[in-house]
Amino acid sequence: MFSSFVVALISIFYFVLNLSFVLSFLTLVYRRFSKDVIFKLIGEGRLTNLFSTSINTFIVYILYKFIGISAIPVSFFTIIGIQLGNYYATKYRQAKLDLLTALAKSLEEKDSYTYGHGENVAKISVAIAKELGIQDKELNLIEIAGLLHDVGKIGIPDFIVTKTGKLTRDEYEIMKEHPKKGYEILSQITEFKDTVAKWVLHHHERWDGKGYPEGISGEEIPLESRILMIADVYHALTSDRPYREAWSKEQAIGFIKDNAGIMFDPKIVNIFLKLIEGGSI
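Please read these numbers as outputs of a predicted model, since none were measured by experiment. (Residues numbered from 1 in each chain as written. Predicted model: local features only at pLDDT ≥ 70, side-chain atom pairs only at ≥ 80, totals over all residues. Heavy atoms only, no water.)

1. Looking at the overall build of the chain
To keep it simple, the criterion reads: We count a stretch as a helix when DSSP gives it H or I for four or more residues in a row; a strand needs E for two or more, and each element gets its number in order from the N terminus. Throughout this description, buried means an accessible area under 20% of the type-specific maximum (1.4 Å probe, protein chains only), exposed means over 50%, and partly exposed covers the range between. The criterion used for residue contact is that any of the two residues' heavy atoms lie within 4.5 Å. Reported accessibility uses the Shrake-Rupley method at a 1.4 Å probe radius. Residues are deemed covered only where the shown protein chains occlude them.
Each helix and strand counted, the chain has 13 helices and zero strands in total. When its helices and strands are written in sequence order, the chain yields α-α-α-α-α-α-α-α-α-α-α-α-α. Taken over 281 residues, the chain has a buried fraction of 38%. Across the chain, contacts joining residues at least 24 apart in sequence account for 60% of those joining residues at least 6 apart. About 16100 Å² of surface is accessible on the chain, with carbon and sulfur atoms providing 60% of the total.

Structure representation (structure tokens):
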């Protein structure tokens, strides 16, 4: 019993020592202890791995006490099985993301007017997010949301998506369903359900509450959705469309300025204008 207690203490000591080392390293990388350090530690599974390694050490010892030397290969193959499971789960998630990205790009390729739209929205969104102090994993998720913000149009009839004229009222009502459809598609990836999928769902909401699909307003709208909206509108305005020529950069900036506090979050408008004037967008 005393030996088991000692091994348990050693396992705890090992966990604390490793945790301290990882925290110190991440704090050194980010130059301060912040939420980004916690994000890296928890969000990417490092904390779970450290804890499970310590627990495994204790379990191997207990097994050894009961079944002898055969505990080592049993534990070894169990750990390998868990690691392989984690590896293939990650590969499966990436495959789903690659498929969604390919679908979104194929949708854009149907219409030369929207080709590259997702990539440009992603680029502008990431620039704004960085200026807001958003970092690392969330930046990556915002980039994915920008790339896939219109993926729900896969569920909209082609004759509406690729129509070369202005949409009728009924067609527009159907088109307004694409954020909901995007949410349904993206929420199939567990990690995206409360992040990317939710942001895409609300990327057509307006600051004054007159947007869609839910008509929420102000800070009820997720910050990331507010970022996506301004990036989406700016790139759409400065791109050719079947029913109009591209607006000039100055016209688009004027529209966004005029709609600060109406369509757009005023704070994000100010950041957007700062980036435009600095040539970052």
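And the narrative resumes.
2. Structural notes on the environment of serine 125
Selection criterion: Here a polar contact is taken to be a pair of N or O atoms separated by no more than 3.5 Å, where protein atoms must pair a possible hydrogen donor with a possible acceptor and residues adjacent in sequence count only if both atoms sit in side chains.
Along the chain, serine 125 falls in helix H5 (residues 117–131). For serine 125, a relative accessible area of 0% translates into the label buried. In this structure serine 125 touches Ile142, Ile227, Leu228 and Ala231, once residues within four positions along its chain are discounted. At 2.8 Å, the side chain of serine 125 and the backbone oxygen of valine 121 are in polar contact.

3. Quick look at H5
Quick note on the threshold: In this scheme, a helix's expected span is set at 1.5 Å multiplied by one less than its residue total.
In this model H5 runs 22 Å from its N-terminal to its C-terminal C-alpha over 15 residues, within 8% of the 21 Å that 1.5 Å per residue would give. Taken together, the buried positions of H5 are occupied by His117, Gly118, Val121, Ala122, Ile124, Ser125, Val126, Ala127, Ile128 and Ala129.

4. Here we look at the pattern of salt bridges
As a reminder, the rule being used: Should a side-chain nitrogen of Lys or Arg be within 4 Å of a carboxyl oxygen of Asp or Glu, the pair is scored as a salt bridge.
Scanning the entire structure with this criterion turns up seven salt bridges. Between glutamate 191 and lysine 137 there is a salt bridge, with its nearest N and O atoms 3.6 Å apart. Of this pair, glutamate 191 sits in the loop between helix H9 (178–186) and helix H10 (196–201) while lysine 137 sits in helix H6 (residues 136–148), and the two are 54 residues apart along the sequence. Here glutamate 191 falls in the partly exposed class, since its relative accessible area comes to 28%. Exposure remark for lysine 137: the relative accessible area of 22% places this residue in the partly exposed category. Of the charged contacts, one joins glutamate 171 and lysine 163 as a salt bridge, the two residues approaching to 2.6 Å between their closest N and O atoms. Classification of lysine 163 as partly exposed rests on a relative accessible area of 27%.

5. With respect to the packing of aromatic side chains
For clarity, the threshold we go by: By convention, a stacked pair of Phe, Tyr or Trp rings (six-membered ring in the case of Trp) has centres within 6.5 Å and planes under 30 degrees apart, an edge-to-face pair has planes over 60 apart, and any other such pair is tilted.
Throughout the structure, instances matching the rule amount to three aromatic pairs. On the basis of an interplanar angle of 85° and a centroid distance of 5.8 Å, the ring pair of tryptophan 247 and phenylalanine 255 is categorised as edge-to-face. Take tryptophan 247: its relative accessible area is 29%, and that puts it in the partly exposed class.

6. Overview of the packing of helix H11 (residues 223–237) against helix H13 (residues 266–277)
Relative orientation and spacing of two packed helices are given, respectively, by the angle between their axes and the distance between those axes. Rules: Angles run from 0 to 180 degrees between N-to-C directions of axes, and those axes are lines fitted to C-alpha atoms, restricted for helices to the stretch in contact. Working rule for angles: under 35 degrees goes down as roughly parallel, over 145 as roughly antiparallel, 65 to 115 as roughly perpendicular, anything else as oblique. Note: crossing handedness is left-handed where the near helix turns anticlockwise from the far helix by less than a right angle, and right-handed where it turns clockwise. Throughout this entry, Asp, Glu, Lys and Arg are counted as charged residues, while Ala, Val, Leu, Ile, Met, Phe, Trp, Tyr, Cys and Pro are counted as nonpolar. The remaining residues, Gly among them, count as polar.
Contact geometry for H11 and H13: axes closest at 10 Å, N-to-C directions at 45°. What the angle tells us is that H11 and H13 run oblique. Every pair of crossing elements has a handedness; the one defined by H11 and H13 is right-handed. On H13, the residues touching Leu223, Arg226, Ile227, Ile230 and Tyr234 of H11 are Ile268, Val269, Phe272 and Ile276. Of the residues belonging to the contact of H11 with H13, the class tally is eight nonpolar, no polar and one charged.

7. So, the packing of helix H12 (residues 249–258) against H13
Close contact between H12 and H13 brings their axes to 10 Å; oriented N to C, the two are set at 160°. In terms of axis orientation, H12 runs roughly antiparallel to H13. In the packing of H12 onto H13, the handedness of the crossing is left-handed. Where H12 abuts H13, its residues Lys249, Ile253, Ile256 and Lys257 lie against Val269, Phe272, Leu273 and Ile276. Of the residues in the contact of H12 with H13, the class split is six nonpolar, no polar and two charged.

8. With respect to the nonpolar core
What counts is decided by this rule: Each nonpolar core is a collection of buried residues, namely Ala, Val, Leu, Ile, Met, Phe, Trp, Tyr and Cys, held together in the definition by side-chain atoms within 4.5 Å.
In this structure, Ile128, Leu186, Val196, Ile230, Tyr234, Phe264 and Phe272 are the most contacted members of the largest nonpolar core, which totals 42 residues. For this core, the secondary-structure elements that each account for two or more residues are H5, H6, H10, H11, H12 and H13. The element best represented in this core is H11, accounting for eight residues. Residues within four places of isoleucine 128 in sequence aside, it is in contact with Ile227, Ile230, Ile268, Ile271, Phe272 and Leu275.

9. Some remarks on the side chain of serine 239
With respect to the helices and strands, the residue serine 239 is situated in the loop between H11 and H12. Polar contacts involving the side chain of serine 239 include one to the main-chain carbonyl oxygen of histidine 235, which spans 2.5 Å.

10. Observations concerning the confidence of the model for the chain
Rules: One number per residue, pLDDT, summarises how confident the predictor is, and it ranges from 0 to 100.
Mean pLDDT over the chain: 80, with 61% of residues reaching 70 or higher. Within the chain, no element has a lower average pLDDT than helix H2 (residues 35–43), which sits at 54, and none a higher one than H11, at 97.

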